[in-house]
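# Fold and geometry: a report
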Amino acid sequence: MKHVSPLILCVLFPILLLAQNQGNIWYFGDQAGLDFNSGTPVPISNGQTYYGDGAHNEGCSTISNEEGNLLMYSNGEVIWNKNHQIMPNGAGLLSHYSSSQAALIVPKPGDSRYYYLFTIDGFHENNLQYGLRYSLIDMTLDAGNGDIVTSEKNVPLADTMAEKLSAVRHANGKDYWIVTHKYWSNEFIAYHLSCNGIVNEVKTSIGTVHENIHIPTDMSSAIGHMAISPNGEKIGICFGNTNPSKAEVFDFDNATGVLSNWVPLIDGTFYYGVAFSADNSKVYFTGSDATGTLLSQYDLNAGSPAAILSSFVNISYTQNLLGLQLGPDNKIYVSYYDGDFVGAINDPDASGVACDFVQNAINLNGRKTSYALPGFIAGYDYKEVNNFEVSQSINHPVCAKPNGEVMVNATGGTPNYSFSWSDGQTGSTAFGLGTGLYQVTTTDDVGCKQVDEVSVAFENPIIEWENPVGGSNSDFLRDIIPTQDGGYIGVGETASNDGDISPNVPNGKDYWIVKFDANGAIQWQKNYGGSQQ
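Summary of the structure given here. (Residues numbered from 1 in each chain as written. Predicted model: local features only at pLDDT ≥ 70, side-chain atom pairs only at ≥ 80, totals over all residues. Heavy atoms only, no water.)

## Here we look at the sheet that holds strand 23 (residues 293-299)
What links the strands of a sheet is backbone hydrogen bonding, and the strands pair in either a parallel or an antiparallel sense. Spatially, 21-22-23-24 is the arrangement adopted by the 4 strands of the open sheet, whose pairing is antiparallel. Edge strands, defined here as strands with exactly one partner in the open sheet, are strand 21 (270-276) and strand 24 (313-317). If you compare each strand with its neighbour and ignore which way they point, the axes differ by 20° on average. As judged from the 5 bridges shared by strand 21 and strand 22 (residues 282-288), these two strands associate in the antiparallel manner. Within strand 22, the position partnered with Tyr-271 by the bridge is Gly-287. (Pairing = 2+ DSSP bridges. Helix = DSSP H or I, 4+ residues; strand = E, 2+ residues; numbered from the N terminus. Axes fitted to C-alpha atoms, helices over the stretch in contact; angles between N-to-C directions.)

## Here we look at unusual backbone geometry
Glycine aside, a negative phi is what most residues show, and trans is what most peptide bonds show. Asn-243 connects to Pro-244 through a cis peptide bond whose omega is 10°. Relative to the elements of secondary structure, Pro-244 occurs in the loop between strand 18 (234-239) and strand 19 (246-253). The phi dihedral of Thr-160 is positive, around 50°, even though this residue is not glycine. Note that Thr-160 resides in the loop between strand 12 (155-158) and strand 13 (166-169). Judged by relative accessible area, which is 24%, Thr-160 ranks as partly exposed. Here the phi dihedral of Tyr-380 falls at roughly 50°; this positive angle occurs in a residue that is not glycine. Mapped onto the secondary structure, Tyr-380 falls in the loop between strand 28 (357-363) and strand 29 (389-395). Residue classification places Tyr-380 among the buried positions, given a relative accessible area of 8%. (Buried < 20%, exposed > 50% of the residue type's maximum accessible area, 1.4 Å probe, protein only.)

## Considerations on the nonpolar core
Ranked by internal contacts, the top residues of the largest apolar core, which has 48 residues, are Trp-26, Phe-28, Met-72, Val-106 and Ile-137. With 6 residues, the single largest contributor to this core is strand 9 (residues 114-120). The contact partners of Val-106, leaving out residues within four places of it in the chain, are Tyr-115, Tyr-116, Phe-118, Ala-167, Tyr-176, Ile-178, Leu-193 and Ile-377. (Core = buried A, V, L, I, M, F, W, Y, C linked by side-chain atoms within 4.5 Å. Contact = heavy atoms within 4.5 Å.)

## A few points about the packing of aromatic side chains
Two numbers describe a pair of aromatic rings. These are the distance of the centres and the angle of the planes. Scanning all chains against the criterion turns up 22 aromatic pairs. Judged by centre distance (5.9 Å) and plane angle (90°), the rings of Trp-26 and Tyr-333 are edge-to-face. Of this pair, Trp-26 sits in strand 2 (residues 25-28) while Tyr-333 sits in strand 26 (residues 332-336), placing them 307 residues apart in sequence. When its relative accessible area of 0% is taken as the criterion, Trp-26 is described as buried. A centroid spacing of 5.9 Å and a plane angle of 70° characterise the contact between Tyr-271 and Phe-285, whose relative ring orientation is edge-to-face. (Phe/Tyr/Trp six-rings, centres within 6.5 Å; stacked < 30°, edge-to-face > 60°.)

## What to know about the side chain of Thr-119
The residue Thr-119 is located in strand 9 in this model. Apart from residues lying up to four places away in sequence, Thr-119 is in contact with Gly-76, Leu-94, Ser-95, Ala-102, Ala-103, Gly-131, Leu-132, Arg-133 and Leu-165.

## Some words on the pattern of salt bridges
Tallied over the full model, the rule gives 10 salt bridges. The residue Asp-138 makes a salt bridge to Arg-113 at a minimum N-O spacing of 2.9 Å. Of the two residues, Asp-138 sits in strand 10 (residues 132-138) while Arg-113 sits in the loop between strand 8 (103-107) and strand 9, which places them 25 residues apart along the sequence. Arg-113 sits in the partly exposed class, given a relative accessible area of 37%. Its salt-bridge partner being Lys-246, residue Asp-267 comes within 3.1 Å of it at the nearest N-O pair. In this pair, Asp-267 sits in the loop between strand 20 (258-264) and strand 21 while Lys-246 sits in strand 19, placing the two residues 21 residues apart along the sequence. Among the charged side chains, a network of salt bridges with common partners joins Arg-169, Asp-381 and Lys-383. (Salt bridge = Lys/Arg side-chain N within 4 Å of Asp/Glu carboxyl O.)

The structure is reproduced here in C-alpha cells:
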C-alpha cells in the first residue's frame, strides 16, 4: 500500500484591474445624477440626494465598484446603499447638506471589504461644531449591501475645520492622503490613511488665514472647495463670503504630506469651486468679481508665481457658476444654483477660451443641480492594491493522523513578515495539522495584516495493490517508503517464525525490512536482532 500526499498551490486574491470605473456614477443636487459608464455622461434620476432649505445642497460623494456598478453615496448627513436605501446605521452623520465638501468616500487600502466615509461639518446651522470625522463601512453587513460599523461611526479627527475635503494617492502607491484645512487658521492637515487606518497627520501652515476679515467671529468664510491635481503634485483652494475672497495654489509632496510654494491668485469678491485639468497644466476657479460671476483659468506651466498670476484668463461670465469637478472622461463639469443643466469644459487642457466651455451641456431631465458635484479621489486613482499576496502549500493529513502541514509564503507589503495561526503556531509553516479550517494572520513590518483561511482535509488513500505478509504471530510494517526503481521498502518488526518470515525468528521480536516490487511482490527481506526479545 502507498499514499503520496499531493502538493496543492493556491494564490489568494490576485488583483489586476484594467479600468478605473469607481467614479462613473454621480449623485448630487436634488435627485440629480450622471452615469459615465458608456463613456458619455447620461442623466439618471433615481438618486436620493435632496435640497435642504430652498434650493440648497452642496457636498456629496459617490463610489462604484471596479465595474462601474454603484456601491454607495452620501451627502454627509446620511449614506445610501446601492439600492438607494439609507443604510441601517447610515443616518445621523455629523455633517450638513450645506457643507461645501460634506463627504468623501475612500476605500480602505489593501482591503476591499471596508470603506471610509469622511465628513466635514458646515457653518450653516451647525457652526462647524462637528469638524472632521470618519465612519467605517463594512460591505459584508446588511446582506452585502454594506453598513456603518457601530463602534466606528462619527469618529472625530479635528474640530473647527473649513469646508474643505480632498484625497489623493500616497507616493507609496498603496495608501492615501486625506487633506483638509483649519478655519481661523492657515493650517493644512494631511492625514495618512493606510491599511491600519489613520497612522499619521502632517500639518503645514502656509497661505492665507481662512476667516472673514471684516467679522472675525463669522464662520461663513469656511465656504469653498479644495482640489488636488490628478498627479498629486498641486493643491488649489479658495474661500468666499468675504471681500476680498481668496484663491491659491500650492505644491504638494505626496510622499511627506507637506505643502510648499504658495501662489496667491487674483482676489475676488467671492470664490467657490476649483478643479485641475487632466494633464495637470491648468487650474480653474469659479467666483465673482466686480462685473459678475466668472469662470477663470490659470496656466500652471507659465513658470514663476508672477507668470502664473499673469496667465489669468476669464473664460466666461455666467450667472450662478459654482462647483467644478473633473470627470472620468477628462472634461470638467460645472454646477449651478438650482440649475436644470450641468455645464462642461470640453477641453480643459487647452489654453483660454479654446477650452470650450458650454454653459448648458447636459439636461438633467427635470432634476436639479445646486452648489456642488460629487467629490472623488484625485485622478480617480481607486486602484485596489493588496498589501500581500499569500501562497499556500498544503500537505493534507493521511491515514486519519494529525500529520498535515501548511506552508505560507508572503510577498508585497513591507518585509519582514510574521505569522500567527489559529492553533497557536507562529511560523510560516504549521505542522501536525488534522482535518479542519485554520486561519493564518500575516503581518508585515509596518503592521498591515491579512487573514487567510486554509482548509485541511483527510485524504483517503488510493489502494494500488494489497499483499498480506507475515506469519502467525504479531508482525507490523510501520512505514512504507517509495524507492527509485518504482518499488517500496517496508520497515517494521516481526515476532513470527513461519509464513513469509525468512529467516524465521526463533524467539522474541526482530526488526524487519521487506523490499517489494512495483506490484507488491516480495523481492527480499531482512531481520535484525538476536535470540532474545
